[in-house]
Each structure stands twice: as structure tokens, then as C-alpha cells.
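Spelled out, the chains give:
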Amino acid sequence: MKVLLDTHPLQPSNAAPADFGAAFRTRPAWLAAPKASLPEVSAYRLRFDLANDSLIRLHLSADERYLFYVDGTLLGRGPERGSDQIWFYETYDLSLTAGSHTFVALVWQLGDIAPLAQEGLAGGFLLEAEGPHGDLLSTRSAPWERKSVHGMRFEKPKSVERTAWFVEPIQTTIGADYPWGFEKGEGEGWEGVSLRREDFAFPFGIYAAHVLSPAILPAQLSTRRRAGRVRYLSAEAWDDPQFIKVPKDADLPEEALSWQDLLDSAAPIVIPPHSQRQLVLDLEAYVCAYPQVELSGGSGSRITIGWAEALHLDAAGKAKGHRDEVAGRTLIALCRDVIVPDGGANRHYEPLWWRSGRFIALLIETADEALSLERFSLLETRYPLEMESRFTSSDARLAAITPIALRGLQMCAHETYMDCPYYEQLMYVGDTRLESLVTYAISSDDRLPRKSILLFGLSRLANGFTQARYPSRDVQVIPPFALWWVGMVYDYALWRGDAAFIRQQLPGVRAVLDGFLAHITEENLLQAAHGWNFADWTLEWPLGVPPDGFDGYSGLLNWHLIYTLGLAVRLEEWVGESVLAERWRHWRDTLVTAVKAAFWNEARGLFADDRAQTLFSEHSQCLALLSGTLAEEDVARLAPTLLNDASLTQTTIYFSHYLFETYYLLQQPEAFFDRMALWFDLENQGFKTTPEQPEPSRSDCHGWGAHPLYHFFTTLLGIRPAGFGFEQVEISPMPGHLTQLSGEMVHPRGQIVVDLEFVGDLVRGTITLPAGVSGSFKYAGKSLALHAGSQVLEL
């Protein structure tokens, strides 16, 4: 069983030992990886005897990844994804009986062909056992053995237009070369393995490779689920397993019933020699899972399991149309696994890493021997993030969005948040801020947001900016994302508190802001910093960069810095750093004066995106208003123009979060519901998750599109923190046409329960706050003090 620790048992001690050599030999040591070209897959084995029944605590890590078996049974996967700045180890508690036992770790290094988010440092495997079993079991002292695991090949798919693709490569498993039974320690070729000692923390303070830290997250979800329903079956051959063309006419409808029995109840199906079968399976949901196949016979056969989020209108891959459609479409399977059976009985195949999507292409081609397919199922995996809050309203359209948005967020939550599970599996700051905000509103578990803040803080570069995506084997700089990381720190302080954690992040916050202040010119304007100054996927902006955002003076980028300086003021005040708060306030006010002079267009009643004042967007108006620096008369001038000027460059899915925040600030429910139209239409288009951008969307599953869930609770119900750590609450609903709103929202001290009915400007209902929480209720110019416990209101 995996155990989460609040201590760091593998942390080096700074105490001076009496015997440096003896202390060094008792420190954890790694089993060295072979000096071989990558990719490389290794198995490490330890056979041992226990004199008595024992409870044993183990700490495990590997580079890059491991599967750990105890007596042939999988105990866990890991290590939790980290980086060169922090490398995680898992802790497991084992109960073993007296007698003989075998530990086996399967460890792989894919190198340059690995997912871009997977860093690799030096390879190898580490196990450290606590207590009296330390010398018996630990890699530093026990007689571990190693052998290479053959029978796996890895390759990238062919590139397709508009598909940046950075995930696990195609894995081909060749049964004839695979060491069956290795997980039990069976087979030949096991040899002794050398140690690599990295821990030189005392007295020299040197880490050779891995900066170890205990795992932060619980075990990932691991649930068996059926592999959907058969939508297409044919005995025809195919030209390319990456592009499966599905004709409009169904083929082999009666045999399809037998295949459905295989999926539903593991009823075996036999494919004759020299035959082909191609199937399209509809999972009827978006799923992240390990495909699991059990088969017998079929020597020389070839089975390809390809995944797709949806089928495309044609092989060009530019448009998908309705996501439920299969007939007459093309399934483009970038993510694939290939099995070449050896003819053995009861063989179990499963790739090293999970796949994702809604549709599976199952392609089978037999040789001289019949193939018995005995089970085809999925082992679903994701972070165990569940909906703990509840929201209902008088508008059924909102209820229809909830499962789509929730599933989108869940599919982008694993060992880190991800932008998308199919194409990139990378954690970007801009995406992660929105994913974290939704998490705060629906779940009491804040470990994934907290880890995200920590990792991005560790990614910081010499210029002060955080990296845009991290962990990652390359370095990408999106300067605005560094500012959104400051927003993430602020959000955690507001929603969860923990002053000690916030103080740990503040040096990074200050470094980011100082990095931006280095780009302030004599005019007190921000000149675009070097990097990809992405803001939103609007059609009008090349690469999502706002006007003058490549190397000039962008109104949006200036307002973004002003907005962020305001957040920094509050952060410093919350931790008692009044001098630093005043510094950020000074810079904010200085910039506001210059930005108003440079970008305000009196004739339009808007802030321009460019110095020439020819281009205008919703984005700039939103951040100007959200910065809280505009006088009431300025807000009164700007707000109607934002709401009514159809010529403005509009926000898309991502930046619409900040548009919705602005609508809440201005109390504009009609505008909010108008712009929710994209989400209202998702179900009708067959989406199971929220997409990346308006059509044509590359990714059908992007966690940033789940942000309406946050707004159900914070904008419509109007439940928001009123200070550090959510110690006080302000409830100010924005119902618009809604006649009923109710919900329960998680709070660090329990649940906030709200049940309201609206008739014109009148509201009545009940509100319950957790113990120790107070606040206020505001609606239609009226207010009421709130106390802990239940209260009835009628205003």
C-alpha cells in the first residue's frame, strides 16, 4: 500500500558523523543503469528470505519510470513525475509472511523518444528499506541482479498537420523476444549490478543527479472498465494503421455480436489463420487507460491498438464534425500499441504508459496460426479527483455542462495537471491556473494545485521567469505565463491559506516581477519580453500573440503586469511584508498612469491593444477592469463599450475565464449566459470533454475549458473567499434569468451550503457556513451579515 509522508526519511543529515565512511555506506544508493543506447528497458531482481512475518516499509524510485512487483504481483507504478530539481520517491508498507520472496522492478529509459514531460537524468533504480530489514533489502547493500528486457521497440508516429505530439511513442511488443515471467524473477540472464552513490550532501553539499523528495500525491486511480461497443467491423485489409477509413456501409454485423461479447463478458473469440479484422470501438466516454489484452496462440500475428479522440472527415485531419459519427470518416491513430504474439498460451499484454481518447481502432492480422483473443479491456487511470461540491439551478443547460467539464478536468489531471492527455501531456502555467481554480471549487484535495505551484517555482530561470511548461526536457518561455504563476500563488493563499507555504513561494514571486520590471522603459511602459507572448487562441492574433506582443508595447501585456502587481500587493500584506507591498503598489500605480496615457482611446471608450490605437480586444478591457485600478467614472465609461462593441477581438475558451470574471465584476448575467453558448452546444456536437478552442479544434480534451464549473459556484452562486485562507466568505449571487440556485461548495473547514430562490430583486433561502467562518451576503444593493451555522434570509 502506498503511504504519503510528512517527513523525508531519505534526506541527508547535516550532522557530522564520527565515521564519514560508515555514514556514507548507510546512505541510499542507486543500482546503476547499463551503459547502453536508449531506449533501454531493464529488470532488477532481489530474492530473499524472511525468518518471521514482517511489516516492511520501502522507499522506491527509478529513472525514468518503474513497475514494482512483489512475488509476481504489481505493487505500484512510479516514480511520481518530477524534474531535475525535485525527483520523487514512493513509500510502500508491505506485510510479508515468513519464507522466500522476490522483488522485481521493471525500469525503462526512453531518452529522446520519451514523452516531453518525462525527464531522465542518470537511469537506474533505488530501494531503501527502513528498520531491521534495511541491509537485507536495500539496493545499497542487498545482492540485487539485473537483466535487459528485450522484445520492446519504440517509435514516433508519422506527423500530421496541426498536431504537436509529445507523448509516449508507439510501443511494439514482440512476444518471441519478451522474457515472460520476469515479474516473478524467472528466466535466465540475471547478473550482478554495480552501485551508483549520489548522496554527497555532507560535507560537500553535492547532488550527482537526483534531488530526492517524498511523493506528494496519492496513488493514481486504477479501475477496470469495458472497452465500449463495436461501431464497425470488417474483414478487409488496411493500407496504413495510422489512417483507418471507415466506409458508410456496415460489414460483418452478425460477427460483431461475438466481438461485443468479448468486450462485455470476456467471451473468447478466435480469428482464423491468414485473416484480417479491423474494428472501431466507441468507449462512449473520454478515457485515459492502459489497454489490457489476454490472448493465446496466433504466432506471427500482428495486433495494433490505435486511439483517437474523434474521427476526422478525411485523412487530412483538419476537421472532425459531429463527434459521435463513425461511418464515412477516417480514424487517425497517432497513439498506438502493437503486439506480435509468440504463440504462447494466456499471454497478457499491456503498454508501459497509458493512452487516451474516445475511439479505439483494433487491427488484427493473423499468420499461419489461429489467434484466440480472450480478453480486451481497459485499466482506467487518472488522479483521484472527484466532485465533492454540488450545484443545481433552474436552467437545465448548466446541468448538462457539468459532466462534460468535470470529465475534461479529470482527464487532464494525473501526476501533474496537463494541457491535454492526447497530444502533449504537458503542464502549462496558463492552463494549470484555471484547472487549479476549478479544483478549489469542487474538491477539498489541494495536493495537485500545491504540487503545481511548487514545480513551476522550481522551473524559474536566471531572468526570473518561470518556464511555461514544466516538467519538460526542453525550456519554453511564455512570459505572460510567469505572471499567471504569481496568480496561482495568490489563488492558493486566497482559497487555502498556509502562510508558511506562501512565504516559501514569495522569493519566486518577487523574482518574476523583478524580471518584468527589467523590461520597463523610460516611458514607464512594459516592452514585450523575449519569448512567446501567448495570450489566447484568437483567429486575429498570429500564434495567439496580441498586437505588438512580439517586441513592441502591447496594451494587454502591460495590463497583465499591472493586474499581477496588484495580486503581489495583497500577498505581501497577508504575510506582513508592508514595505514590499508598498514597492509593488508604487510600480503598479506608476504603470497605470503611463498605460492610461498610451492606450486609452477616448473616442472609442476603450483601451487599445497597440500604441497606434487601431486594434482593440475584450482581453485588454478585462484585465484593465480586473486590475482594480480604474476610477468609478472610468469603469462606467468602459463597461458599456466592452458589452456592446461587436468589433472587439473576442476571447476564446481559455481567456473567457477572465471575461467571465469581468462580467461578474460588472454584474452582467445576460452577457455571461450569451457567451456560455459554446459550452451549451458541446453536448449537441457529441463532445464528452471540453475542447481546446472553437472549431476546428485540435484537442477535444483540454482542462482549461472546464472553468465554467468554477463560475457555477463563484459567479452564479457567488461564493467567494473574502480574505486570506477563505477565513471569511462573501456570497453575492448573479442569477440573471435563474429563479433557483442551490449548491454545496467545499471549504477548508467543511461545506458552504446555499439554497436560494429569486423573484425580481427579491431573494429568499438558507445559507449554512462551517464552524468558525463568517461573512456577508449581498444582492441587488442589499446586504446581510452571515455567521457560522444555518441562517434564513429574505431580502
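Notes on the structure follow. (Residues numbered from 1 in each chain as written. Predicted model: local features only at pLDDT ≥ 70, side-chain atom pairs only at ≥ 80, totals over all residues. Heavy atoms only, no water.)

Let's talk about the sheet that holds strand S32 (residues 719-721)
The strand order S32-S33-S37-S38 describes an open sheet built from four strands, whose pairing is mixed. If you trace the sheet from one side to the other, it starts and ends with S32 and strand S38 (782-786), each paired once. Across this sheet, the average inter-strand angle for adjacent strands is 20°, counted without regard to direction. Pairing geometry for strand S37 (residues 774-779) and S38, over five bridges, is antiparallel. Its bridge partner lying in S38, Gly-775 is registered against Leu-786. (Pairing = 2+ DSSP bridges. Helix = DSSP H or I, 4+ residues; strand = E, 2+ residues; numbered from the N terminus. Axes fitted to C-alpha atoms, helices over the stretch in contact; angles between N-to-C directions.)

Some remarks on the nonpolar core
Grouped together as the largest cluster of nonpolar side chains are 144 residues, with contacts concentrated most on Trp-485, Ile-502 and Ile-731. No other element matches the 13 residues that helix H8 (residues 479-495) contributes to this core. Discounting residues that sit within four places of it in the chain, Ile-502 has contacts with Val-489, Tyr-492, Ala-493, Gly-497, Leu-571, Val-575 and Phe-724. The next biggest cluster of nonpolar side chains, apart from the first, holds 47 residues, and it includes Ile-303, Ile-305, Leu-378 and Met-411. (Core = buried A, V, L, I, M, F, W, Y, C linked by side-chain atoms within 4.5 Å. Buried < 20%, exposed > 50% of the residue type's maximum accessible area, 1.4 Å probe, protein only. Contact = heavy atoms within 4.5 Å.)

Some remarks on the sheet that holds strand S36 (residues 762-769)
An order of S29-S34-S35-S36-S39 is seen for the five strands of this open sheet, with the pairing classed as antiparallel. The sheet is open, and its two borders are formed by strand S29 (390-393) and strand S39 (789-794), each paired with just one other strand. The sheet shows a mean angle of 10° between the axes of neighbouring strands, direction not considered. Bridging between strand S35 (residues 750-759) and S36 involves seven bridges; their strand directions are antiparallel. By the bridge assignment for S36, Val-754 is matched with Ile-767. This element, helix H17 (residues 708-716), spans S29 and strand S34 (740-747) of the sheet and lies at about 70° to S29.

Description of the packing of aromatic side chains
Tallied over the entire structure, the rule returns 37 aromatic pairs. Their ring planes at 65° and their centres at 4.7 Å tell us that Phe-48 and Phe-103 sit as a pair that is edge-to-face. Of this pair, Phe-48 sits in strand S3 (residues 40-50) while Phe-103 sits in strand S8 (residues 99-109), and the two are 55 residues apart along the sequence. Both residues of the pair, Phe-48 and Phe-103, belong to the buried class. An angle of 20° between the planes, with centres 4.5 Å apart, marks the rings of Tyr-654 and Trp-704 as stacked. With Tyr-654 in the loop between helix H13 (632-644) and helix H14 (656-666) and Trp-704 in the loop between helix H16 (677-680) and H17, the pair connects residues that are 50 residues apart, well separated along the chain. Take Tyr-654 and Trp-704: they sit in the same class, and that class is buried. Ring pairing ties together the aromatic residues Phe-481, Trp-484, Trp-532, Phe-534, Trp-537, Tyr-563, Tyr-654, Phe-655, Tyr-658 and Trp-704, which thus form one cluster. Over the face of the ring belonging to Phe-501 we find Arg-450, whose NZ or CZ atom lies 4.1 Å from the ring centre. The lysine or arginine in question, Arg-604, covers the ring of Phe-616, its NZ or CZ lying 4.3 Å from the ring centre. (Phe/Tyr/Trp six-rings, centres within 6.5 Å; stacked < 30°, edge-to-face > 60°. Lys NZ or Arg CZ within 6 Å of the ring centre and 35° of its normal.)

Topic: the environment of Leu-379
Within the element layout of this structure, Leu-379 appears in strand S28 (residues 371-382). Overall, the relative accessible area of 12% leaves Leu-379 in the buried class. When the C-alpha atoms of Leu-379 and Ala-706 are compared, they prove to be 24 Å apart, with 327 residues separating the residues in sequence. Contact partners of Leu-379, with chain neighbours within four places excluded, come to Arg-77, Ser-222, Thr-223, Arg-224, Cys-288, Ala-289, Tyr-290 and Gln-292.

Quick word on the pattern of salt bridges
Pairing of side chains with opposite charge becomes possible as their charged atoms draw close. Enumeration according to the criterion identifies 50 salt bridges in this entry. Close ionic contact of Arg-57 with Asp-93 constitutes a salt bridge, the shortest N to O distance being 2.8 Å. With Arg-57 in strand S4 (residues 54-63) and Asp-93 in strand S7 (residues 87-96), the pair connects residues that are 36 residues apart, well separated along the chain. On the accessibility criterion, Arg-57 (26% relative accessible area) is partly exposed. The exposure class of Asp-93 is partly exposed, given its relative accessible area of 21%. For Glu-523, the salt bridge goes to Arg-611, with nearest N and O atoms at 3.2 Å. Of this pair, Glu-523 sits in the loop between helix H9 (499-517) and helix H10 (555-574) while Arg-611 sits in the loop between strand S31 (606-607) and helix H12 (618-626), placing them 88 residues apart in sequence. With a relative accessible area of 43%, Glu-523 lands in the partly exposed category. (Salt bridge = Lys/Arg side-chain N within 4 Å of Asp/Glu carboxyl O.)

Points about the side chain of Gln-410
Within the fold, Gln-410 resides in helix H5 (residues 396-411). Engagement of the side chain of Gln-410 in a polar contact is seen with the side chain of Glu-386, the distance being 3.4 Å. (Polar contact = N/O pair within 3.5 Å; in protein donor to acceptor, adjacent residues only side chain to side chain.)

Focus: H14
With ten of eleven residues buried, H14 lies mostly within the body of the structure. Looking only at H14, the buried set comprises Ser-656, His-657, Tyr-658, Leu-659, Phe-660, Glu-661, Thr-662, Tyr-663, Tyr-664 and Leu-666. Remark: Gln-667 follows H14 within two positions and exhibits a positive phi of approximately 55°.

Describing H10
An α-helical turn contains 3.6 residues, so a residue and the one three or four places further along point in the same direction. The first and last C-alpha atoms of H10 sit 29 Å apart over 20 residues, in line with the 28 Å expected at 1.5 Å per residue. The buried count for H10 comes to 17 of 20 residues, which makes it a mostly enclosed element. One or two steps after H10, the chain reaches Gly-576, where phi turns positive at roughly 85°. (Expected span 1.5 Å × (residues − 1).)

Comments concerning unusual backbone geometry
A cis amide bond links Asp-63 to the next residue, Glu-64, at an omega of 10°. In this structure, Glu-64 sits in the loop between S4 and strand S5 (65-70). Each neighbour pair has its own omega, and for Tyr-470 with Pro-471 the value is 0°, a cis peptide bond. Secondary-structure assignment places Pro-471 in the loop between helix H7 (447-458) and H8. Unlike most non-glycine residues, Asn-524 shows phi in positive territory, near 60°. Relative to the elements of secondary structure, Asn-524 occurs in the loop between H9 and H10. A residue is classified by how much of its surface remains accessible, and Asn-524, at 28% relative accessible area, is partly exposed. The backbone phi angle of Gln-613 is positive, close to 55°, even though this residue is not glycine. Following the sequence through the fold, Gln-613 ends up in the loop between S31 and H12. Owing to a relative accessible area of 22%, Gln-613 belongs among the partly exposed residues under this scheme.

A few points about the packing of H8 against H10
Where H8 meets H10, the closest approach of the two axes is 10 Å, and the angle between their N-to-C directions is 30°. Taken together, H8 and H10 sit at an angle that is classed as roughly parallel. The crossing of H8 and H10 is left-handed. Each of Pro-480, Leu-483, Trp-484, Val-486, Gly-487, Val-489, Tyr-490, Ala-493 and Leu-494 in H8 lies in contact with H10, whose residues at this interface are Leu-557, His-560, Leu-561, Tyr-563, Thr-564, Leu-567, Arg-570, Leu-571 and Trp-574. (Parallel < 35°, antiparallel > 145°, perpendicular 65-115°, else oblique. Left-handed = near helix turned anticlockwise from the far one by under 90°.)

Some points on the environment of Ala-400
Examined against the element boundaries, Ala-400 turns out to sit in helix H5. C-alpha of Ala-400 to C-alpha of Glu-683: the two residues are 283 residues apart in sequence and 7.3 Å apart in space.

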